[in-house]
Amino acid sequence: MLQYVLRFVAGKDQGREFPLPQDLYIVIGRVSDVDVLLLDEKVSRKHAKISTHGGKVMIEDLASRNGTFVNGARIRSTELKEGDQIIIGSSTIKLLSVSELKPRATPSAAPAGAPPPDGQSTAGSALISGSIREMPLPDLLQLFTNSRKSGVMTIRSDRGVGKVYLREGHVYHAEIEGNAIVKSRKAFYRMFAWTDGTFDLRPAGDHRAPEEITESTTSLILDGVRQLDEIRILEPKLPRRGARLHVAEPLPGNLRDLATEEIQLFQLVLHHDTIETAVDNFPGTDFEAYTCLMDLLRRGFITSG
């Protein structure tokens, strides 16, 4: 019996493929408990259903607000044929048989170090992708938590490339590429400030984190939003991140009067002369580092310029 696959040929999820199981149905929509999730405001919560039975593929519109279209015509229910194009929201999806799919290149087919062809990832095709401007990180994480998603979410912005690893909806590790000194929890909170760029969720494979985050994802989200709000208040009062820091000479007071975290940051300033490098090396979060920095500047133990 012919096996079919849905391939996204236009829209945010372009390139994504979804196999159609035999004698089952899938629901496409915008809520976390559907089978094919589309993060698109034009898509209804439960938009359309595609079912396979006896070799036939049927599509049914679930009373969606903006309608379901097959080959340009709005439908309520119809049988799909190989090559038919479905439009749901901003996505165009093509029905293909497995025999029509182009074989994927194996790792040995490409030179060592070469990127995967056609933008594919060796970790597998993207399960979900989109824009963090349209779907900010806190909303994404809440969605993945509620739907118990697993995989690695890669966020690409002008501030860097970050990865958040999830296991059944729980965030257990985060990292920022090229910045290994920024520990997992700090990397996670820092990405909350990234407001422009793209994301995709892919299978994580056999990933093992050097250390795992144990807090619940809900508490991490709440803390991340709170810290971001506090940082936005502090940042205008601080020198720019690339500004140089200096230890005051003479010191305005005794170092033993400083809190432990303030001493840690003071020592980092002795070895790292910019705000950016001192904050990166600070063991706590960016918010904790900025709070200590503000107090040290206010009390005159360090200066900038």
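As a reminder, the structure under discussion sits directly above these lines.
Residues numbered from 1 in each chain as written. Predicted model: local features only at pLDDT ≥ 70, side-chain atom pairs only at ≥ 80, totals over all residues. Heavy atoms only, no water.

Caption draft 1: Spatial organisation of the pattern of salt bridges. Tallied over the entire structure, the rule returns 15 salt bridges. Across the pair R133 and D196 runs a salt bridge, and its minimum N-O distance is 3.0 Å. On the criterion of sequence distance, the pair formed by R133 in the loop between β12 (128–131) and α1 (137–146) and D196 in the loop between α2 (184–190) and β16 (197–202) is long-range, its members being 63 residues apart. R133 gets classed as exposed once you look at its relative accessible area, which sits at 56%. According to the relative accessible area criterion, D196 is partly exposed, its value standing at 38%. (Salt bridge = Lys/Arg side-chain N within 4 Å of Asp/Glu carboxyl O. Helix = DSSP H or I, 4+ residues; strand = E, 2+ residues; numbered from the N terminus. Buried < 20%, exposed > 50% of the residue type's maximum accessible area, 1.4 Å probe, protein only.)

Caption draft 2: Just the packing of aromatic side chains, in detail. Summed over all chains, the structure comprises 3 aromatic pairs. Here a set of aromatic residues connected by ring pairs shows up, and it is made of F188, Y189 and F192. Against the face of Y25 rests K49, its NZ or CZ located 5.0 Å from the ring centre. Sitting over the ring of Y172, R167 keeps its end group 4.0 Å from the ring centre. (Phe/Tyr/Trp six-rings, centres within 6.5 Å; stacked < 30°, edge-to-face > 60°. Lys NZ or Arg CZ within 6 Å of the ring centre and 35° of its normal.)

Caption draft 3: Main features of the nonpolar core. Judged by nonpolar contacts, the single largest core of 32 residues is most densely connected at L141, F144, M153, F188, M191 and F199. Ranked by residues supplied to this core, first place goes to α1 with 5 residues. Setting aside anything within four residues of it in sequence, one finds M153 in contact with L137, L140, L141, F144, G162, K163, V164, L166, F199, D200 and L201. By size, the runner-up hydrophobic cluster in this structure holds 22 residues, among which are A243, F266, F282 and I302. (Core = buried A, V, L, I, M, F, W, Y, C linked by side-chain atoms within 4.5 Å. Contact = heavy atoms within 4.5 Å.)

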